[in-house]
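Chain and residue survey
Next come the chains, spelled out residue by residue.
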Amino acid sequence: MNDWPEQPEGARPMRHVQRRPQSPEYQQGYDQGQAYNQGQGYDQGRAYNPNFTQAQATGYDSGYSNGQVYGSPQSGGGHGSGGPGGPAGPGSRPTGPAPDWRKRIKIGSIVLVVGVLAWGVGTYAWAASQMRGEVDLSKVIERPSEGDCTTYLIVGSDSREGMTSEEKKKLHTGSAEGKRTDSMMILAACSSGNTMISLPRDSWVTIPSFVGSESGKQYPARGGSKLNAAYAMDGPELLVRTVEFNTGLRIDHYAEIGFAGFANIVDALGGVEMNIEKGFKDKNSGANFQAGEQTLDGEQALAFVRTRYAFAESDLARTKNQQKFLSALANQAATPGTILNPFRLYPTLGAGLDTLIVDKDMSLWDLGQMFFAMKSVNGGDGRSMNMPIAGSAPQGSLKWDMPKVKQLVEQIRNDQKVTVESNR
């Protein structure tokens, strides 16, 4: 007996299902399935290809998820989070390449060097722009021939330019108009050793003939004059000509600083350490010092280098103190602690360059060389001395010992070690 129900009337026959053409993806899945069935292993089967889906294999999409976690990138292998090839789980180490520390250090070093160079170039350009190149040595006539050493004429003037009435009173400078030389030194920077020679302001010299820088008038030579009179008559150019005329030594560079600039530099450095061997007082300069190690501020430093009436040797004793202090000042200024520290370098440069007057050919490099030469004198690598003196001259002036002066100049011009001794 047939239990199947009879075909109802009007039933339609099933349409023939046409097989879809096989796609390349299907063929690839089929080939991989064959490889699996043939025992080549799971890893070479369909599961090995994470991008191979049911839809690709059969052309039919069931609509169900293939196990991928939504919102997370699918990782190969299908082993789940934290498994081989899966995404990193909590506490797992990064799987990226290790950092190249050599490359990072190299790049960091380059950036640091470029930054330091940029800072140095900027500082140099700024400082060079602040220098007052007002002295024209090309106007000096009948000059001696050049020597093997670089020579500087360093002048401390009693200029009160830019000082207020309170500052003049505090620094005991008085209120005299105009400018006069308060100290003069020749610094010879030589490979054989640096020498600092003080020129007493009361030196008895001849002021040679000259043409007035402002009047254009020709002035005849004047014998029997004090050295500081040359500066008062026609400024730095005539002073340089007078020094060259009386010594036979060519001056390569000129540097001058006034009272205010000198005191400000000392204060910007935080004071200058000095060892004063014997205490002294002077109401004219305001000096009041005890013997021993001490740090001088700007006001005290100016009093120290200006004092003359407290000493029996007067101007000669003062020149020795000036040399001693300037060497100590250069020794403290030309140090890495000042040069590499912008909080000390900029105030120091700013304090000095505003009142520092130099010749037109003097660069910031030349100025630095001058300071380092002064520093070496303080460190014992050079000599400091007064111009050799033969005795007194009229008007309380000092007469040079000319044979010794000529020997001294010859040694400097030929870059020989200075062996000449000063009488005082």
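Attention in this report is confined to the structure presented alongside it. Remember, it's a predicted structure, so these values are computed and weren't measured experimentally.

Moving on: the overall build of the chain. A count of helices and strands for the chain gives 12 helices and 17 strands. Within the chain, the proportion of its 424 residues that are buried is 40%. Within the chain, contacts between residues separated by at least 24 positions form 67% of all contacts whose residues are at least 6 apart in sequence. Carbon and sulfur atoms form 52% of the exposed surface of the chain, whose accessible area is close to 25,000 Å².

Glancing now at unusual backbone geometry. Of note, Ser314 is a non-glycine position whose phi angle comes to about 50 degrees, a positive value. Inspection of the secondary structure assignment puts Ser314 in the loop between α7 (298–306) and α8 (315–333). We note that Asp415 has phi near 55 degrees; this positive angle belongs to a residue other than glycine. Structurally, the position occupied by Asp415 is in the segment after α12 (402–413). Taking relative accessible area as the criterion, Asp415 reaches 18% and is therefore assigned buried.

Turning our eyes to something else, we now look at the sheet that holds strand β9 (residues 253–257). If you trace the 7 strands from one edge of the open sheet to the other, you get β1-β14-β9-β2-β3-β4-β15, paired in mixed fashion. A strand with exactly one partner marks an edge of an open sheet, and here the two such strands are β1 (132–135) and β15 (382–386). In this sheet, adjacent strand axes meet at a mean angle of 25 degrees when their direction is disregarded. Packed onto the sheet, helix α11 (residues 364–378) meets β2 (150–157), β3 (181–189), β4 (194–198), β9, β14 (356–359) and β15 and runs at close to 85 degrees relative to β2.

This brings us to the packing of helix α6 (residues 259–268) against α8. α8 packs onto α6 with a crossing angle of 45 degrees between their chain directions and a minimal axis gap of 11 Å. As far as their axial angle goes, α8 and α6 are oblique. As for how α6 packs across α8, the hand of that crossing is left-handed. Of the residues in α8, those in contact with Phe262, Ile265 and Val266 of α6 are Phe325, Leu326 and Leu329. In terms of residue class, the contact of α6 with α8 is built from 6 nonpolar, no polar and no charged.

Okay, the nonpolar core next. Formed by 45 residues in total, the largest nonpolar core has its most connected members in Phe262, Phe304, Phe325, Leu329 and Met370. In terms of residue count, α8 provides more of this core than any other element does, 7 residues in total. If near-sequence neighbours (up to four positions away) are discounted, Met370 is found in contact with Tyr152, Ile154, Leu187, Ala255 and Met362. Ranked by size, the runner-up nonpolar core spans 38 residues in total, among them Val155, Cys190, Leu408 and Val418.

Burial along strand β10 (residues 272–276) is one-sided: the residues Val272, Met274 and Ile276 are buried and none of Glu273 and Asn275 is. One ladder, built from 5 bridges, connects β10 with strand β13 (residues 292–296); its direction is antiparallel. Of the residues in β13, the one forming a bridge with Val272 is Leu296.

All right, on to the environment of Met184 then. Within the secondary structure, Met184 is located in strand β3. Each C-alpha atom of the pair Met184 and Ile197 lies 8.7 Å from the other, and the pair is 13 residues apart in sequence. Setting aside residues up to four positions removed in sequence, Met184 forms contacts with Ile154, Val155, Ile197, Ser198, Leu199, Pro200, Arg201, Leu227, Asn228 and Leu239.

Structurally, the position occupied by Asp234 is in helix α5 (residues 228–247). Buried and unpaired, Asp234 has no salt bridge, with Lys139 as the nearest side chain of opposite charge at 8.0 Å. Polar side-chain contacts of Asp234 include one of 3.1 Å to the side chain of Ser213. With sequence-adjacent residues up to four places away left out, Asp234 is seen in contact with Phe210, Val211, Gly212 and Ser213.

On to the state of the cysteines, then. Here the structure, examined in full by the defined rule, presents 1 disulfide. Across a sulfur-sulfur distance of 2.1 Å, Cys149 and Cys190 are joined as a disulfide pair. Since a negative S-S torsion denotes a left-handed disulfide, the Cys149-Cys190 link at about 120 degrees is right-handed. You can see Cys149 sitting in the loop between β1 and β2 and its partner Cys190 sitting in the loop between β3 and β4, a full 41 residues away along the chain. Taken individually, Cys149 and Cys190 each receive the classification buried, so the pair is uniform in this respect.

The full count for this structure, using the stated rule, is 7 aromatic pairs. Between Phe262 and Phe325, the ring centres sit 5.4 Å apart and the planes meet at 50 degrees, which makes this aromatic pair tilted. Taken together, the residues span a long stretch of sequence, with Phe262 in helix α6 and Phe325 in helix α8 at a distance of 63 residues. Residue classification places Phe262 among the buried residues on the basis of a relative accessible area of 9%. For the pair Phe280 and Phe311, a centre-to-centre distance of 4.9 Å together with 65 degrees between the ring planes defines the contact as edge-to-face. With Phe280 in strand β11 (residues 280–282) and Phe311 in the loop between α7 and α8, this pair connects stretches of sequence that are 31 residues apart. Taken individually, Phe280 and Phe311 each receive the classification buried, so the pair is uniform in this respect. Members of the aromatic cluster, each reached through a chain of ring pairs, are Phe262, Phe280, Phe289, Phe304, Phe311 and Phe325. Stacked on the ring of Trp101, the Lys or Arg Arg104 has its end atom at 4.9 Å from the ring centre.

What counts, and where the lines are drawn
Residues numbered from 1 in each chain as written. Predicted model: local features only at pLDDT ≥ 70, side-chain atom pairs only at ≥ 80, totals over all residues. Heavy atoms only, no water. Helix = DSSP H or I, 4+ residues; strand = E, 2+ residues; numbered from the N terminus. Buried < 20%, exposed > 50% of the residue type's maximum accessible area, 1.4 Å probe, protein only. Contact = heavy atoms within 4.5 Å. Areas by Shrake-Rupley, 256 points an atom, 1.4 Å probe, with all protein chains shown as cover. Pairing = 2+ DSSP bridges. Axes fitted to C-alpha atoms, helices over the stretch in contact; angles between N-to-C directions. Parallel < 35°, antiparallel > 145°, perpendicular 65-115°, else oblique. Left-handed = near helix turned anticlockwise from the far one by under 90°. Nonpolar A, V, L, I, M, F, W, Y, C, P; charged D, E, K, R; others polar. Core = buried A, V, L, I, M, F, W, Y, C linked by side-chain atoms within 4.5 Å. Lys, Arg positive; Asp, Glu negative; His and termini not counted. Salt bridge = Lys/Arg side-chain N within 4 Å of Asp/Glu carboxyl O. Polar contact = N/O pair within 3.5 Å; in protein donor to acceptor, adjacent residues only side chain to side chain. Disulfide = S-S within 2.5 Å. Phe/Tyr/Trp six-rings, centres within 6.5 Å; stacked < 30°, edge-to-face > 60°. Lys NZ or Arg CZ within 6 Å of the ring centre and 35° of its normal.

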